[in-house]
Amino acid sequence: MNELTWVEISRSSLENNIRQFRRIIGQDTLLCACVKANAYGHGLIESATVFTGAGADWLSVNALYEARLLRQAGITCPLYILGHVPDADIREAIDLDCRFVVYNEGSIEAAAKAAREAGKTARLHIKVETGTNRQGIDMQDVTGFAGKIQAHSSIELEGICTHFANIEDTTDHTYAELQIERFTEATAKLEQAGIDAPIKHCANSAATILFPGTHFQMVRPGISLYGMWPSNETYVSYIKERKNNFTLLPAFTWKARIAQVKTVPTGEYIGYGCTYKTGHETRLAVIPVGYYDGYDRCLSGAYVLINGKRASIRGRVCMNIIMAEITDIPEAQVEHEVVLMGRSGDEVIPAEQFAQWAGTINYEVTTRVNDRIPRITVE
Ligand SMILES: Cc1ncc(COP(=O)(O)O)c(C=O)c1O
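Quick caveat, the model's predicted, so the values are computed rather than measured.

Analysis parameters
Residues numbered from 1 in each chain as written. Predicted model: local features only at pLDDT ≥ 70, side-chain atom pairs only at ≥ 80, totals over all residues. Heavy atoms only, no water. Near = heavy atom within 4 Å. Polar contact = N/O pair within 3.5 Å; in protein donor to acceptor, adjacent residues only side chain to side chain. Areas by Shrake-Rupley, 256 points an atom, 1.4 Å probe, with all protein chains shown as cover. 1 Å grid on protein atoms, 1.4 Å probe; cavity = no way out; pocket = protein on both sides within 12 Å on 5 of 7 lines; lining within 4 Å. Sits in = over half its atoms within 2 Å of the grid points. Nonpolar A, V, L, I, M, F, W, Y, C, P; charged D, E, K, R; others polar. Phe/Tyr/Trp six-rings, centres within 6.5 Å; stacked < 30°, edge-to-face > 60°. Buried < 20%, exposed > 50% of the residue type's maximum accessible area, 1.4 Å probe, protein only. Lys NZ or Arg CZ within 6 Å of the ring centre and 35° of its normal. Pairing = 2+ DSSP bridges. Helix = DSSP H or I, 4+ residues; strand = E, 2+ residues; numbered from the N terminus. Axes fitted to C-alpha atoms, helices over the stretch in contact; angles between N-to-C directions. Parallel < 35°, antiparallel > 145°, perpendicular 65-115°, else oblique. Left-handed = near helix turned anticlockwise from the far one by under 90°. Contact = heavy atoms within 4.5 Å. Core = buried A, V, L, I, M, F, W, Y, C linked by side-chain atoms within 4.5 Å. Domains from an automatic or database assignment. Points joined across faces, edges and corners; volume = space filled by probe spheres on them.

1. Things to note about the site of the ligand
1) Next: In the vicinity of the ligand there are 13 residues, among which Y40, S205, G222, I223 and Y363 approach most closely.
2) Next: R134 is positioned with one of its side-chain polar atoms (N or O) 3.1 Å from an oxygen atom of the ligand.
3) Next: Protein contacts shield 93% of the accessible area of the ligand, which totals 400 Å² for the unbound molecule.
4) Next: Of the pockets mapped on this structure, the ligand occupies the largest pocket.
5) Next: Looking at the shell around the ligand residue by residue, the class counts come to 5 nonpolar, 4 polar and 4 charged.

Here it is, written out as structure tokens:
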């Protein structure tokens, strides 16, 4: 590996996480692994390959370009686009054999026309608004909207779905329960109207783990397939009930290598803005990674791991470089590996710790590691 910085993805951890989900959903529920946002930073193709090999039934992506990349890589499983598909892209989505979510009448017409022209049947999923107020149609419009899909022979209503607003940010699940109630009501309306939408789905990671009643015909977990809990609150809610001995293994280790080692005398400044002044003779590792790579500038007070030991960042995080103190790690030399996130020996910087330093959530810190940085699947 001759990169300045790279991410190692543990295959066995990803496989473990798929197995954990399979165990709690059973064999009759489809497992649709969410690989949007470069598989939450874990590498789209790398993660998709491991997930499908380990038993994921479907993959979900946010946008058509991700589906295109998956197909180009030879991934043949059902792909579900859960983000927006502009009318102009619908033909390609159909050609790539993707199913996708709809919430605009215009998309129904565009899908019907594109499918007719392609000589194929397009599979659509209705998104119902149950309280997130993001994508979705109003509850009272569900039957009429579904009827518009049924009016065309070139398109098929394959599913109906919704998405939770407040299932991971709290241990009070009243709002999530309200959304489940509304979703159930919406699906019942379709049934009463004699309209079949065979695949009902709403469960992200937290819902899948905490509420078996949300599994329906398919679940759509993301974050936890990568070994991360959606939040402390989800973990606390799970621990309170300890329903199913669920073990997640993080898969992400972000590494770089030391580019230079130097000794800086007492009373010298380190980095931009002269924000750090050495209080003693300081041995310093210069590490070629910075905020361009996704190493947030807020991490100026954080640490990295070298040879299983903590090395504090000294001075500001630069665009492409950080400096870390290695006075107490005398064995650290040029070219040695540095762990920016993940495990090194007995020490670990979990994504959650990284997120706390950066003032954000675990979802964001792994997804923001620059896509240009190689993802290497390791055992
Ligand atoms: C529509 C939809 N479904 C499923 C997921 C997966 O959620 P999580 O990563 O919390 O499991 C997401 C993620 O944001 C989403 O937007």
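2. Description of the packing of aromatic side chains
1) Next: Going through the model one piece at a time under the given rule, you end up with 14 aromatic pairs.
2) Next: Look at W229 and Y238: their rings are 5.2 Å apart centre to centre, the planes differ by 35°, and that puts the pair in the tilted class. Judged on exposure class, the residue W229 and its partner Y238 are both buried.
3) Next: A network of ring pairs unites the aromatic residues F21, W229, Y235, Y238 and F246 as a single cluster.
4) Next: Over the ring of W58 we find R99, and its NZ or CZ is 4.6 Å from the ring centre.

3. Observations regarding the sheet that holds strand 5 (residues 98-102)
1) Next: Reading around the barrel, the 8 strands line up as 2-3-4-5-6-7-8-9 and close back on themselves, with parallel pairing between neighbours.
2) Next: Taken together, the 3 bridges between strand 3 (residues 58-61) and strand 4 (residues 79-81) define a ladder with parallel strand orientation. By the bridge assignment for strand 4, V61 is matched with I81.

4. What about the side chain of E325?
1) Next: Structurally, the position occupied by E325 is in strand 17 (residues 322-325).
2) Next: Its relative accessible area of 9% is what places E325 among the buried residues.
3) Next: In terms of polar contacts, E325 uses its side chain to reach the side chain of R314, at 2.8 Å.

5. Observations regarding the packing of helix 1 (residues 11-25) against helix 3 (residues 44-54)
1) Next: Axis separation between helix 1 and helix 3 bottoms out at 9 Å; the angle between their running directions is 45°. With respect to helix 3, the axis of helix 1 lies oblique. Regarding helix 1 and helix 3, the two cross each other, and that crossing is right-handed. Contact residues: R11, L14, E15 and I18 in helix 1; S47, V50, F51 and A54 in helix 3.
2) Next: Grouping the constituent residues of the contact of helix 1 with helix 3 by class yields 5 nonpolar, 1 polar and 2 charged.

6. Some remarks on the nonpolar core
1) Next: Formed by 124 residues in total, the largest nonpolar core has its most connected members in F51, L59, F100, W254, Y295 and V304.
2) Next: The element contributing the most residues to this core is helix 6 (residues 105-118), with 7 residues.
3) Next: Summarising the domain contributions, this core has at least three residues from each of domain 1 (11-239) and domain 2 (252-349).
4) Next: Formed by 7 residues, the second largest nonpolar core is a distinct cluster that contains Y276, L284, V286 and M323.

7. As for the sheet that holds strand 17
1) Next: As summarised here, the arrangement of the 3 strands in space is 11-14-17, forming an open sheet in which the pairing is antiparallel. One side of each edge strand has no neighbouring strand; the edge strands of this open sheet are strand 11 (260-264) and strand 17. In this sheet, neighbouring strand axes are inclined to one another by 30° on average, regardless of whether the strands run parallel or antiparallel.
2) Next: Pairing between strand 14 (residues 282-287) and strand 17: 4 bridges, direction antiparallel. Looking across to strand 17, one finds that L284 is bridged to E325.

8. A short note on the layout of surface pockets
1) Next: What the largest pocket holds in volume is close to 740 Å³.
2) Next: Together, 36 residues line the largest pocket, and E168, I223, P230, I361 and Y363 are the ones closest to its centre.
3) Next: Elements represented by at least two residues in the lining of the largest pocket include exactly helix 2 (36-40), helix 9 (205-210), helix 10 (232-241), helix 11 (351-358) and helix 12 (362-367).
4) Next: Here the lining of the largest pocket takes 3 residues from helix 11, the largest share from any one element.
5) Next: Grouping the amino acids of the lining of the largest pocket by side-chain chemistry returns 15 nonpolar, 13 polar and 8 charged.

9. Here's the deal with the pairing of strand 15 (residues 303-306)
1) Next: Neither face of strand 15 is left uncovered, since the one carrying Y303 and L305 and the one carrying V304 and I306 both have all their residues buried.
2) Next: Of the strand pairs in this sheet, strand 15 and strand 16 (residues 309-312) are connected by 4 bridges, and their pairing is antiparallel. Its bridge partner being in strand 16, I306 is matched across the sheet by K309.
3) Next: Remark: 2 residues form the turn of the hairpin made by strand 15 and strand 16, two consecutive strands paired antiparallel; N307 in that turn has positive phi of roughly 55°.

10. Digging into unusual backbone geometry
1) Next: The residue A39 is not glycine, and still its phi comes out positive at about 50°.
2) Next: Locating A39 in the fold gives a position in helix 2.
3) Next: Non-glycine residue F216 carries a positive phi angle of around 40°.

This is a description of form; function is not addressed.
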